[in-house]
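A look at the structure
The primary structure of each chain is shown beneath.
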Number of protein chains: 2
Amino acid sequence: MAKFAKRISNMQASADVIRQLFEAMGDPETISFGGGAPAREALPVEKIHDIANEVLTREKRGIQALQYGNPMGVPDLRKTVIERLLAPKGLKAGMDDVLIVSGGIESMNLVSQLYLEPGDVVLVEAPTFVQAVQIFQLFEAKVIACETDNNGLVIDDVEAKIRQYSPKMVYVIPTFQNPSGRTTNLERRKALAELGSRYDVIILEDDPYSEMRYSGEPLPPVKSFDTTGNTIFVNSFSKIFSPGSRLGYIYAKDEIVRKIYDVKTATNSHASVLAQVICAEFFNRGLYEPHLKMIRDIHRERRDVMMDCVKTMLPPEIQSVYPDGGLFTWVELPKRINTTTLLAYAHAKKVAYVPGREFFVEDRDNHDNCMRISFGGVEPEKIRIGMDRLAGVIKAKL
Amino acid sequence: MAKFAKRISNMQASADVIRQLFEAMGDPETISFGGGAPAREALPVEKIHDIANEVLTREKRGIQALQYGNPMGVPDLRKTVIERLLAPKGLKAGMDDVLIVSGGIESMNLVSQLYLEPGDVVLVEAPTFVQAVQIFQLFEAKVIACETDNNGLVIDDVEAKIRQYSPKMVYVIPTFQNPSGRTTNLERRKALAELGSRYDVIILEDDPYSEMRYSGEPLPPVKSFDTTGNTIFVNSFSKIFSPGSRLGYIYAKDEIVRKIYDVKTATNSHASVLAQVICAEFFNRGLYEPHLKMIRDIHRERRDVMMDCVKTMLPPEIQSVYPDGGLFTWVELPKRINTTTLLAYAHAKKVAYVPGREFFVEDRDNHDNCMRISFGGVEPEKIRIGMDRLAGVIKAKL
């Protein structure tokens, strides 16, 4: 059979992990803290129903929703992004600076296609989002990890590695990071934008969780400190609207967006217009703000229940991250416990999580005691039951 | 500013053409035979309205439509593809052989990502679909054209070029080709599949138009003659359901589909679930067959009116393709007329088409007398008005 491209073998390890993640969602009796999905109760089904009902008529808008669209995205939705999502963060974008994509993942794919040559270096956080690593590997980049602590990326380490490796890009999720739940502090955000400008490196800022804040004060994005256009800000509608709609956006300097337009055209022409039209209408009708309050309330309760379980059910020597938002906490067990082998015992007790080593690109064996616990998709009472099961599994190994 | 990857400059010429195509759709007074969109009257707005109305409830299906999905696609839609779209063509696919993508273009992107290394050769028809060329160039492939005649790809030339260039892939639209409207005959389809097997070359068969047949008898796809798995069959729901939904599918050997799954995951996770669920339901309710009859009737009338105009309005020395289906005819003017310079005169008279040279990867100056005329998106009475304008513009130059 005809040979696959070399890039395919590069991505194999991460691809296997991700395939397992998708396929492990199966057993209905298992309480899974594994997936990264938001609460099903937070999906605005009725509102989307009503909008679809009114939009899908043989008027201009109904036809528009089903016909070919422009690769930039539906103007109404780009306007919404600029006015309702970027402006409140202190980001002043124009219509030529924003392009709609088919979900958050696609942003990473498009930006990689625009910039990465085989052998280019991409710096990431340790730990980081495994699907982003898979994409960088698919473009044959060398992915190198930078140190993080409870305040996010350690800037000195980033600068040292920029000097050492001359990377093309630094990939960062500054707020309620996946998988760690940590947030990069203000000073480091500023420093990161400045590093991008000083060394002419792309800072790829991925921001899917910042709207899902349950406590503490919002921080301005890295992009707000960017004076040269080196920071590219990408985001997703998955958490604040619906994951299945596959919508997201890229905000960058217009000359970069013009090139992304070409790459987007060659990837899949444009995002689903039907989904775009419904999403824009969702914002235009003023449904977003009350919806956001509702999903914050739902997920805040889950965060609170989860962190209470972590504190009261797990042995006291366990370290965990208290997240001010997002969907994840990060748990570090004593070094003698291997979370990959532990997972079989957890599955037997009908509970699941993702072993921490999967989120590291180097030095994985040193993180065999970590796990990512996702609380977004599990109802509060099931969080208690699941964490009780997990605590039992862990204690049996101590 | 950080440098773009080399692949970006490779694609520049075709990207410029495509951007112009998208942006030329503007002026409402111009009758455009330029775009490749199907008739707006053929979009099943009411049916999609009713389905969305019933599917989007807080039941299992409504939640499913908005939540993350599997990269393979929604099982219902894959089953529909297998039973309703592939089986009638004599293609016997299993569930592991079919993956749903975000529109037809994305298939070319995914297959390229799976197979193409920089410098690999891809053989295409002369003329061919310009967006496919753009994708192959984005993967830094060398795109080489093979001869075509009124029966499609000239097989001897394909075989000679396989021997000369050892290509990774042959890209072909065998039925109602874009841009020429031509169809590859039965014998050549068989020969093409055999060439793929004999030389271990991927035959990428793109089939977006075959359901839109208005006269003549259906031909089996190239894939139906494939005994080794070297042919990959890709298709789109754009013409038979809705372009704006961005849905398509890939049918290939399961071991190839397993790899495409990984690449799809890294591109954008999966196609819009809402669009997939609505599309599957459209088929399951038996709405597809009457819809297909309706869109064939609409487009057959347009084809008939267009070909009547070509015959009666254009000067007799003009050559044209009579298409048995699809959206395009291909017109060759006397050599002394340059269709690129003519386009400015056409625009002044409020009519548009695409100059033929844009569809060639080599020897473009030799096709400066050609044009692609798309009749799918223009109402019959407007076809007459537009062709009258175009005939005037052409005659003024003769």
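Everything quoted here is computed from the prediction, not taken from an experiment. (Residues numbered from 1 in each chain as written. Chains lettered and ligands numbered in written order. Predicted model: local features only at pLDDT ≥ 70, side-chain atom pairs only at ≥ 80, totals over all residues.)

Quick notes on the overall build of chain A
Helices and strands together make up the secondary structure of chain A, namely 14 helices and 15 strands. In terms of overall dimensions, chain A is globule-like: its C-alpha atoms have a radius of gyration of 21 Å, near the 21 Å expected for 398 residues. Residues classed as buried in chain A amount to 58% of the 398 residues present. Taking the contacts inside chain A whose residues are at least 6 apart along the sequence as the reference set, 76% of them involve residues at least 24 apart. (Helix = DSSP H or I, 4+ residues; strand = E, 2+ residues; numbered from the N terminus. Rg over C-alpha atoms; globule rule 2.2 N^0.38 Å. Buried ≥ 20, exposed ≤ 12 C-beta atoms within 10 Å, placed from the backbone. Contact = placed C-beta atoms within 7 Å.)

So, the interface of chain A and chain B
The interface of chain A with chain B comprises 68 residues on the first partner and 68 residues on the second. Looking at the side of chain A that touches chain B, the elements with two or more residues in it are helix H1 (6-10), helix H2 (12-23), helix H3 (45-55), helix H4 (60-66), helix H6 (104-115), helix H7 (130-138), helix H10 (254-268) and helix H11 (273-284) of chain A.

Focus: the sheet that holds strand E2 (residues 98-101) of chain A
In a beta sheet, neighbouring strands pair by backbone hydrogen bonds and run either parallel or antiparallel. All names here are of chain A. Read across the open sheet, the seven strands follow the order E2-E10-E9-E8-E7-E3-E4; overall the sheet is mixed. One side of each edge strand has no neighbouring strand; the edge strands of this open sheet are E2 and strand E4 (142-146). Across the sheet, the mean angle from the axis of one strand to that of its neighbour is 20°, orientation sign disregarded. Two strands pair when backbone bridges link them, and strand E3 (residues 121-125) and E4 are joined in this way by five bridges, in the parallel orientation. Considered in E4, the bridge of Val121 is made with Lys142. Packed onto the sheet, H7 meets E3, E4 and strand E7 (169-172) and runs at close to 145° relative to E4. Running over the sheet, helix H8 (residues 155-165) touches E3, E4 and E7 and is turned about 150° from E4. (Pairing = 2+ DSSP bridges. Axes fitted to C-alpha atoms, helices over the stretch in contact; angles between N-to-C directions.)

So, the environment of B:Glu140
All names here are of chain B. Looking at where Glu140 falls in the secondary structure, it is placed in the loop between helix H7 (130-138) and strand E4 (142-146). Considering only alpha carbons, one finds Glu140 and Ile8, 132 residues apart in sequence, at a separation of 9.0 Å. The contact partners of Glu140, leaving out residues within four places of it in the chain, are Lys6, Arg7, Asn10, Pro118 and Gly119.

Regarding unusual backbone geometry
A cis geometry characterises the amide bond from A:Asn178 onward to A:Pro179, with omega recorded as 15°. Within the element layout of this structure, A:Pro179 appears in the loop between E7 and helix H9 (186-199). Here the bond from B:Ala126 into B:Pro127 is cis, since omega is 0°, no more than 30 degrees from zero. Take B:Pro127: it is sitting in the loop between strand E3 (121-125) and H7. Phi is positive for A:Lys350, which is not a glycine, with a value near 65°. Within the element layout of this structure, A:Lys350 appears in the loop between helix H13 (339-348) and strand E13 (351-352). On the neighbour-count criterion, A:Lys350 (15 C-beta atoms within 10 Å) is partly exposed.

Overview of the nonpolar core
If you look at the biggest cluster of nonpolar residues, it comprises 193 residues, and the most contacted ones within it are A:Leu99, A:Ile250, A:Ile278, B:Leu99, B:Ile250 and B:Ile278. Among all residues touching B:Leu99, those that are not within four sequence positions of it are B:Met72, B:Gly73, B:Tyr249, B:Ile250, B:Val257, B:Ile260, B:Tyr261 and B:Lys264. (Core = buried A, V, L, I, M, F, W, Y, C linked by C-beta atoms within 7 Å.)

Quick look at the relation of the copies chain A and chain B
Aligned on chain B, chain A shows an RMSD of 0.0 Å; the corresponding rotation is 180° and the shift along the axis is 0.0 Å. One copy is carried onto the other by what is essentially a two-fold rotation axis. Using C-alpha coordinates, one finds that chain A approaches the rotation axis most closely at A:Asn53, a distance of 3.0 Å. Most of the interface of chain A is mirrored in chain B, where 100% of its interface residues again form contacts. (Least-squares fit on C-alpha atoms with pLDDT ≥ 70 in both.)

Thoughts on helix H3 (residues 45-55) of chain B
For H3(B), the set of buried residues is B:Ile48, B:Ile51, B:Ala52 and B:Val55. Projection of H3(B) onto a plane perpendicular to its axis shows the buried side chains occupying an angular sector of 100°, all on one side. The elements touched by buried residues of H3(B) are H3 and H4 of chain A together with helix H4 (60-66) and helix H11 (273-284) of chain B. (Arc of directions from axis to C-beta.)

Section: the sheet that holds strand E12 (residues 328-332) of chain A
Residues and elements named next belong to chain A. Taken together, four strands build an open sheet; the order of strands is E11-E12-E15-E14 and the sheet is antiparallel. The strands lining the two open edges of the sheet, one partner per strand, are strand E11 (319-320) and strand E14 (354-355). Bridge count between E12 and strand E15 (residues 370-374): five bridges; the pairing is antiparallel. Across the sheet, Glu332 pairs through a bridge with Cys370, a residue of E15.

Looking at the confidence of the model for chain A
One rule of thumb: low pLDDT means the predicted coordinates there are not for detailed reading. Taken over all residues, the pLDDT of chain A has a mean of 94, while the share at 70 or more is 98%. Taken together, the chains of this predicted complex give a pTM of 0.94 and an interface ipTM of 0.91. (pLDDT = per-residue confidence, 0-100.)

A closer look at the pairing of strand E2 (residues 98-101) of chain B
Residues and elements named next belong to chain B. By the alternation rule, side chains of E2 split into Val98 and Ile100 and Leu99 and Val101, which are all buried. In the sheet, E2 pairs with strand E10 (residues 248-251) via four bridges, with the strands oriented antiparallel. Bridged to Val101 within E10 is Gly248.

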